[in-house]
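# Observations on the three-dimensional arrangement
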Amino acid sequence: VDQVQIADDVIAVVAEIAALEVEGITGTMAGKGDFVQALSGKKKPKGVKVEVGEGEVFIELAVVVKYGSKIQKVCLEAQEKVKNSVETMTGLNVVSVNIHVVGVHFDKEQEA
């Protein structure tokens with residue numbers, strides 16, 4: 001039987017794109033561990049951590065939300081979207097999608 005292996009980076013990219021499609025999420029933000037990635041020269045999605053077990057995936061995302069968004073609603077939507085996208089594209093079972101809100105994005109008009 002042939003085997004297909006999907007790199008963690010690919011799963012992370014799928015998760016990041018899915019999260020960014022959610023209205024209210026303006027970006028993902030790198031954590032401390034991403035400094036090592038910057039030194040290694042590899043371009044990885046920032047703010048996305050993926051752990052793959054036996055056909056199972058655990059995902060963590062650090063996101064920035066738009067000021068005025070209902071954070072709980074945005075996060076629930078992001079969890080669903082990420083889970084569905086990763087499962088549809090990879091066939092793997094997503095066990096958990098943990099969202100960490102690490103920042104708030106203000107529009108220029110709101111700052112003035």
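What you are looking at is a predicted structure, and each value in this text was computed from that prediction instead of being measured.

About the criteria used
- Residues numbered from 1 in each chain as written.
- Predicted model: local features only at pLDDT ≥ 70, side-chain atom pairs only at ≥ 80, totals over all residues.
- Heavy atoms only, no water.
- Core = buried A, V, L, I, M, F, W, Y, C linked by side-chain atoms within 4.5 Å.
- Buried < 20%, exposed > 50% of the residue type's maximum accessible area, 1.4 Å probe, protein only.
- Helix = DSSP H or I, 4+ residues; strand = E, 2+ residues; numbered from the N terminus.
- Expected span 1.5 Å × (residues − 1).
- Arc of directions from axis to C-beta.
- Contact = heavy atoms within 4.5 Å.

## Quick look at the nonpolar core
Inside soluble globular proteins, nonpolar side chains tend to come together where they are buried. If you look at the biggest cluster of nonpolar residues, it comprises 24 residues, and the most contacted ones within it are I59, L61, V82 and V86. Elements supplying a minimum of two residues to this core: α1 (8-20), β2 (48-52), β3 (56-66), α3 (71-90) and β4 (93-105). Sorting elements by how many residues they give to this core places α1 first, with 6 residues.

## Concerning α3
End to end, α3 covers 28 Å across 20 residues, agreeing with the expected 28 Å (1.5 Å per residue, within 8%). For α3, every residue scored as buried is listed here: V74, C75, A78, V82, V86 and T90. End-on, the buried residues of α3 take up no more than an arc of 95 degrees, which puts them together on one face. Residues Q72, K73 and T88 are exposed on α3 and point more than 90 degrees away from its buried face. In the core, the buried residues of α3 are packed alongside α1, β1 (25-28), β3 and β4. Where α3 ends, the next residue or the one after it, G91, has phi of about 80 degrees, a positive value.

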